[in-house]
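So the chains spell out like this:
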Amino acid sequence: MITGNALKAVLSAAFLFIASCGFNYETNVESGTRQGILHIGNGDEPRELDPHVVTGRIESDLCLALLEGLVGWHPEGKRLIPAAAKSWEQSEDARTYRFHLREDAKWSNGDPVTAADFVYSWRRALLPALGNNYAYMLYYIRNAERFHQGEITDFSQVGITAPDDLTLVVELENPTPFFLQLLTHMSYYPVHQATVEAFGAADERGTRWTRPGNHVGNGPFKLKEWVLNRSIVVEKNEHYWDAGTVKLNQIVFYPIQNATTEERMFRAGQLHITNNMPVDKIAHYRQERPGALKIFPFFSTYYYLFNTTATPLDQVKVRQALTMSIDRQQIVDKITKAGEIPAFSYTPPDTNGYTATAQVRYDLERARALLAEAGYPDGTGFPGLELMYNTSEGHRRIAIAIQQMWKTNLNIDVTLTNQDWKVYLDKRDGKDYQVARAGWIGDYLDPNTFLDMYTTSSGNNDTGWSHRRYDALIARAGATTDQDRRFALFQDAESILMTELPIMPIYTYVSKSLVSPDVRGWRPNILDIHPFKYISLVPSADELSADDLSADDLSADDLSADDAD
Amino acid sequence: MFKFILKRLLQAIPVLLLVSIITFLLIHAAPGGPFAEEKAVPPEVLKHLNERYKLDQPVHVQFYDYISHAVRGDLGPSFKYPGRSVNEIIAAGFPVTLELGCYALLFALLIGIGSGVCASLNPNTWQDYLPMTFATIGICLPAYVLGPLLVLVFGIWLEWLPVAGWELIPGDKILPSITLGSVYAAYVARLSRGGMLETLSRDFIRTARAKGMPEAVIIVRHAMRVGLLPVVSFLGPALAGLLSGSFVVETIFQVPGLGRYFVQGAFNRDYTLILGTTLLFASLIIVFNLIADVMLAWLDPKVRQETVHG
Amino acid sequence: MAEPGANRTPVNAGAMRISTSPRQDAWRRLKKNKAAMFGLAVLAVLAVLSLLAPWITPYSYSAQDLELGPSPPSPEHWLGSDLFGRDLLTRMLYGSRISLAVGFIATAVALFIGVSWGATAGYLGGRVDTIMMRIVDVLYALPFTIFIILLMVVFGSNIILLFLAIGAVEWLTMARIVRGQVLHVKQKDFVEAAVSLGLSRFQIIRKHVIPNIMGTVIVYATLTVPNVILLESFLSFLGLGIQPPQSSWGLLISYGVETMEEYPWLLIFPATVLSVTLFSLNFLGDGLRDALSER
């Protein structure tokens with residue numbers, strides 16, 4: 001019995017301990033807003049912070065704080081504004097750009113940012129041994145591709161020159177209407193030569209130059225702390241040319257993978273901004289905290305791939321029947337639930353002024369007729385399909401719904417196979433699948449980033465589909481300067497794609513985030529890019545005015561309201 | 001005894017070698033390489049990456065290369081994190097996992113022995129049934145159910161404890177430790193109840209009682225020393241399990257430990273990271289089992305005979 | 001993942017010495033143990049219900065009603081419906097087929113490998129024993145989480161492999177226990193008598209050694225089944241378990257956890273059934289242990 005009492009004593013002591021250290025702590029959001037420290041969920045541990053080695057969004061968000069390209073996105077994501085370059089001119093033939101750098105632009109160690117820095121950095125991005133997966137983003141520059149492939153080794157033949165410290169001249173292979181947009185991409189960011197080479201050769205991956213204490217950048221923030229898998233802290237860079245605009249003192253990035261965990265941390269006041277949000281919580285937030293929920297169309301399409309090299313999917317009519325028999329509206333309303341937009345073409349609607357003319361339809365009668373014409377009336381004799389997706393709750397749900405739709409509407413039996421990410425990629429790449437889930441995020445605001453994927457020579461075309469006229473149209477659009485003519489060519493190409501259907505568009509993604517009302521200057525946009533230099537923190541109790549908030553959220557809230565009913 | 005330990009440690013060498021061979025072959029047999037990405041990797045980039053990480057060489061050469069570095073303590077560079085060596089990742093993650101595991105074990109022992117002993121003193125009364133029911137529930141609730149439930153109650157509804165993190169906010173270590181430890185608490189409770197029940201019915205306890213020793217002394221000094229032997233032999237595998245099995249808890253609570261790397265390394269085909277963590281955990285399993293055996297022998301002369309000669 | 005370490009725990013070895021008394025004795029003692037009989041009854045009921053599933057509910061486990069979506073328990077759907085409007089009761093009934101099958105078949109696989117391995121090693125002794133037990137040591141040292149994940153990744157996830165993979169992990173402890181028991185039994189008089197009668201080693205193992213260690217084995221097996229069911233649920237949590245639209249308790253629970261605040265019934269009912277089953281198996285295991293151990 002004595003032990004029993006002792007046990008009780010221990011338990012109550014433990015309980016008191018728990019209670020005492022738990023009660024009344026100031027939340028991250030409260031203390032952060034007070035001190036100008038932004039706490040933000042960043043999805044995962046970044047692989048690296050080297051802009052020429054990494055490719056993901058996690059890394060690109062961090063690089064956005066630490067580095068700055070020649071031009072940048074306006075916080076609303078609709079137009080480009082000068083960044084490291086204060087101005088630029090374009091030649092008559094649209095093949096040469098001349099950038100003028102800022103005199104007052106400095107690296108975080110005080111060194112001036114010069115045109116030579118950009119020449120060095122872009123050369124580094126193209127060095128074959130560095131293994132830069134995004135080197136092709138620079139291929140629009142004259143001879144860049146040949147240099148990267150090792151066909152030429154003399155960099156002076158590549159169209160990048162610095163006539164003086166503050167002037168950078170870039171010559172392109174073709175007139176590329178979206179070239180300025182490319183400059184916002186991290187593969188065009190500059191790196192500090194002396195720092196990089198203090199820790200290894202220019203083309204050495206993963207040296208220690210990106211560690212706190214070593215890292216030198218030209219962005220609005222500088223690297224303060226990087227604890228593996230726990231957090232990355234950046235602080236305001238006093239040497240930044242536009243330091244006056246920067247309101248935040250620090251940003252703390254947390255590598256939170258699990259969206260449910262992230263949402264709980266947001267709810268408990270541990271985060272100002274989340275990277276994602278669990279779909280099942282959306283309805284609750286719409287009702288209880290609509291101001292915190294930020295949902296906005298995202299420049300990205302969710303779709304399925306058909307392997308066109310094997311029966312029965314080598315038949316266009318089968319692919320058409322499958323595409324016509326899924327109810328996209330129901331999928332976005334009942335499954336994805338965040339107000340995604342049903343996609344009837346591959347490119348998202350209104351891509352920088354471009355909208356597809358050809359669209360797929362939801363038409364069950366026609367779908368059944370097509371299936372019968374293909375030789376499978378009412379699904380009889382249809383060999384059955386295997387639908388592959390990479391392991392994820394969201395993909396699983398969509399696959400289950402589509403499996404049922406094809407069963408009910410076409411009487412086709414579909415088996416689902418989820419694969420872990422690498423197996424999925426391997427099977428997709430080897431065309432060892434029938435139907436596979438896919439998603440594509442546009443690299444820049446132009447239909448080309450979507451449509452050139454399905455040319456015959458594209459490394460990203462995993463469907464086995466090949467169409468000579470399609471290839472020709474995309475090639476012609478690439479050589480055309482006039483935007484209207486380009487778009488017309490893309491529309492023709494896309495109507496081929498939407499008739500032949502090697503891919504089945506399902507919906508246009510939305511970006512989903514939770515944002516504390518303390519956060520100002522965070523504007524939803526189609527690229528889901530949120531430059532940190534414009535973000536500030538104001539305790540939501542002393543809001544300036546209600547208008548200020550609603551102006552920020554107008555479009556997002558409109559959208560959510562439409563989709564709620 | 002010293003010879004016994006030495007012998008076991010020497011036996012561990014071929015065991016570890018075989019473990020690394022099996023893991024190496026399995027991971028190389030897994031489809032998809034470490035550098036595959038959603039956006040197609042240009043062949044020339046892939047070629048350079050494979051050269052850099054020596055993946056273009058025959059498997060036995062790669063293995064020899066790996067092992068010859070590993071015995072010198074160099075576990076190679078991580079494939080997914082270009083700037084990190086596996087040693088660095090382990091050095092950052094393992095202390096956290098170890099700390100979490102130790103708290104969880106402490107919790108398991110405190111609650112488990114407490115309730116198990118309490119139950120054994122009053123068998124078949126409510127003081128027995130209540131703790132044992134809780135113990136059984138502990139076994140039945142997987143960590144991925146218990147964790148979110150605890151967070152919901154203590155983090156969200158009561159707002160007593162942080163919902164996630166590790167060394168970010170005071171008190172954020174409590175919930176992950178409890179979640180990880182609860183299953184083991186349940187096992188410890190069952191083991192200690194069984195062991196104590198058996199011991200309390202033995203002659204030497206009766207003798208001690210007849211001599212008029214205080215009950216507390218009998219229980220603590222005599223009965224528990226023998227009755228908790230099963231718990232001691234459980235400690236080795238338990239600690240090993242706690243350390244290599246903390247993945248779910250680390251994910252739910254955003255703990256920067258090694259468990260997440262361990263599981264994700266497999267999914268990312270981060271060959272060196274997987275091999276490094278597997279070797280680490282295999283060594284730990286061997287060492288903890290050895291420690292448990294040694295402790296058992298030290299506490300129980302009868303087992304000592306069997307251990308040394310068996 | 002907290003379970004795996006526990007999987008490998010030899011159950012309270014001290015209390016597992018078995019008696020050689022007739023089985024009727026043990027059965028009589030077991031029948032007196034109310035908790036164990038309750039456990040047995042629950043398992044029997046569950047097994048019958050899962051077999052009769054098509055006649056119990058009018059719904060199919062895969063039929064969706066997206067318009068309905070997740071709905072709380074109602075006269076139409078006694079336990080509510082899931083995100084796709086599928087009847088939860090139906091999915092639980094069909095899920096219990098898979099969970100129970102995984103539990104029992106994987107345990108049987110483990111039992112088969114473990115008993116043959118352990119009995120052979122223990123009986124033959126000497127160098128064979130050393131080699132066989134070293135192999136067990138190697139596999140023991142292999143962190144099992146990664147082992148299973150790699151197996152599932154290399155060979156693709158299908159249900160047969162799931163049985164085999166889980167069985168392959170669970171047999172190690174079984175082999176060790178059985179070997180110990182065999183060493184113990186080997187010294188007994190009746191085995192020596194059999195040797196002197198000129199029976200072959202295989203016959204002796206099969207006819208005399210194995211029957212004498214079955215008590216221990218049965219007890220361990222009842223405690224393995226819950227571990228295996230939990231293991232399946234962990235693999236489902238990782239996305240390596242069974243494929244939709246099929247269901248298992250583990251799968252239902254791992255989805256239920258995601259939405260436990262919005263649609264609590266999706267977690268509560270499957271978790272309750274799983275807990276009751278595991279309770280029952282534990283009660284039954286304890287009861288068997290008590291009934292078979294000498295007092």
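None of the values given here were measured: they were computed from a predicted structure. (Residues numbered from 1 in each chain as written. Chains lettered and ligands numbered in written order. Predicted model: local features only at pLDDT ≥ 70, side-chain atom pairs only at ≥ 80, totals over all residues.)

Visitor: Go over the pairing of strand S7 (residues 167-171) of chain A with me, naming the residues and quoting the values.
Guide: Residue and element names in this part refer to chain A. Burial along S7 is one-sided: the face carrying Leu168 and Val170 is buried and the face carrying Thr167, Val169 and Glu171 is not. Both strand S5 (residues 96-101) and S7 contribute to a ladder of five bridges, which runs antiparallel. Note that in S7 the partner of Tyr97 across the bridge is Val170. When strand S6 (residues 160-164) meets S7, the two strands line up antiparallel, connected through three bridges. When the bridges of S7 are listed, Asp164 appears paired with Thr167. (Buried ≥ 20, exposed ≤ 12 C-beta atoms within 10 Å, placed from the backbone. Helix = DSSP H or I, 4+ residues; strand = E, 2+ residues; numbered from the N terminus. Pairing = 2+ DSSP bridges.)

Visitor: So what's going on with the sheet that holds strand S9 (residues 231-236) of chain A? Which residues, and what values?
Guide: Residue and element names in this part refer to chain A. Taken together, four strands build an open sheet; the order of strands is S1-S10-S9-S8 and the sheet is mixed. Every other strand in the sheet has two partners, leaving strand S1 (37-41) and strand S8 (221-227) as the edge strands with one partner each. Taken over all neighbouring pairs, the strand axes of this sheet differ in orientation by 20° on average, direction set aside. As judged from the five bridges shared by S1 and strand S10 (residues 250-254), these two strands associate in the parallel manner. Residue pairing across strands places Ile37 opposite Gln250, the latter belonging to S10. The strands touched by helix H3 (residues 57-66) are S8, S9 and S10; relative to S8, the strand with the most contacts, the crossing angle is about 135°. (Axes fitted to C-alpha atoms, helices over the stretch in contact; angles between N-to-C directions. Contact = placed C-beta atoms within 7 Å.)

Visitor: Can you break down the interface of chain A and chain B residue by residue, with the values?
Guide: Contacts between the two partners involve 47 residues from chain A and, on the opposite side, 50 residues from chain B. It is helix H1 (residues 2-22) of chain A that contributes the most residues to the side of chain A that touches chain B, nine residues altogether. Taken together, the residues that form the side of chain A that touches chain B break down as 21 nonpolar, 17 polar and nine charged. (Nonpolar A, V, L, I, M, F, W, Y, C, P; charged D, E, K, R; others polar.)

Visitor: Summarise the pairing of strand S13 (residues 385-390) of chain A; cite the residues concerned and give the values.
Guide: Two faces, one strand: in a regular strand the side chains alternate between the faces of the sheet. Residue and element names in this part refer to chain A. Of the pairings in the sheet, the one linking S13 to strand S14 (residues 414-419) comprises six bridges and is parallel in character. Looking at the pairing, Leu385 lines up with Val414 of S14. Handedness of the β-α-β unit built from S13, helix H13 (residues 393-410) and S14 comes out right-handed. One ladder, built from two bridges, connects S13 with strand S15 (residues 435-441); its direction is parallel. The residue of S15 that forms the bridge with Leu387 is Val435. (Right-handed = clockwise from strand over helix to strand, strands pointing away.)

Visitor: Quick rundown of the confidence of the model for chain A? Include the residues and the values.
Guide: Taken as a whole, chain A shows an average pLDDT of 89; of its residues, 91% reach a score of 70 or greater. In the predicted structure, residues 542-565 of chain A sits below a pLDDT of 50 and forms 20 contacts with residues beyond four places in sequence or in another chain. (pLDDT = per-residue confidence, 0-100.)

Visitor: An account of the packing of helix H3 (residues 34-51) of chain C against helix H5 (residues 88-124) of chain C is needed here, citing residue identities and associated values.
Guide: Residue and element names in this part refer to chain C. For the pair H3 and H5, the least separation of the axes is 8 Å and the interaxial angle reads 120°. By the angle class used here, H3 and H5 are oblique. For the pair H3 and H5, the crossing hand works out as left-handed. Here Leu46, Ala47, Leu49 and Ser50 of H3 lie close against H5, whose contacting residues are Leu93, Ser96, Arg97 and Leu100. Counted by class, the contact of H3 with H5 contains five nonpolar, two polar and one charged residues. (Parallel < 35°, antiparallel > 145°, perpendicular 65-115°, else oblique. Left-handed = near helix turned anticlockwise from the far one by under 90°.)

Visitor: An account of the environment of His272(A) is needed here, citing residue identities and associated values.
Guide: All names here are of chain A. Along the chain, His272 turns up in the loop between helix H8 (259-267) and helix H9 (282-288). Each C-alpha atom of the pair His272 and Gly32 lies 8.5 Å from the other, and the pair is 240 residues apart in sequence. Those residues in contact with His272, other than ones at most four positions away along the chain, are Val29, Gly32, Leu38, His39, Ile40, Ser516, Asp518 and Val519.

Visitor: Tell me what's going on with helix H14 (residues 421-429) of chain A, and back it up with residues and numbers.
Guide: Among the residues making up H14(A), those that are buried are Lys422(A), Val423(A), Tyr424(A), Leu425(A), Lys427(A) and Arg428(A). In this structure, the buried side of H14(A) is in contact with S13, S14 and S15 of chain A, helix H12 (258-268) of chain B together with helix H7 (144-155) of chain C. Following H14(A) by one or two positions, Lys431(A) adopts a phi angle in the positive range, close to 50°.

Visitor: Quick rundown of the interface of chain A and chain C? Include the residues and the values.
Guide: Note: interface size is frequently given as the accessible area lost on complex formation between the parts. Between chain A and chain C, the residue contacts involve 19 residues of the former and 13 residues of the latter. Looking at the side of chain A that touches chain C residue by residue, the classes come out as five nonpolar, eight polar and six charged.

Visitor: How would you summarise unusual backbone geometry if you had to cite specific residues and measurements?
Guide: Residue and element names in this part refer to chain A. Of note, the bond from Thr311 into Pro312 is cis; its omega dihedral lies within 30 degrees of zero at -5°. On the secondary structure map, Pro312 appears in the loop between strand S11 (293-306) and helix H10 (316-324). Of note, the phi angle at Asp528 is positive, near 55°, even though the residue is not glycine. Relative to the helices and strands, Asp528 resides in the loop between strand S17 (519-520) and strand S18 (536-537). Accessibility expressed as a C-beta count within 10 Å gives 21 for Asp528, which makes it buried.

Visitor: Describe the sheet that holds strand S16 (residues 503-514) of chain A, listing the residues and the values that go with them.
Guide: Consider a sheet: its strands pair through backbone hydrogen bonds, and that pairing is either parallel or antiparallel. Residues and elements named next belong to chain A. An order of S12-S16-S11-S15-S13-S14 is seen for the six strands of this open sheet, with the pairing classed as mixed. In the strand order of this sheet, the two ends are held by strand S12 (341-342) and S14, each with one partner. Helix-sheet contacts for helix H11 (residues 328-336) involve S12 and S16, and the interaxial angle to S16 is about 30°. In the packing of H13 onto the sheet, the strands contacted are S13, S14 and S15, and the crossing angle to S14 comes to about 165°.

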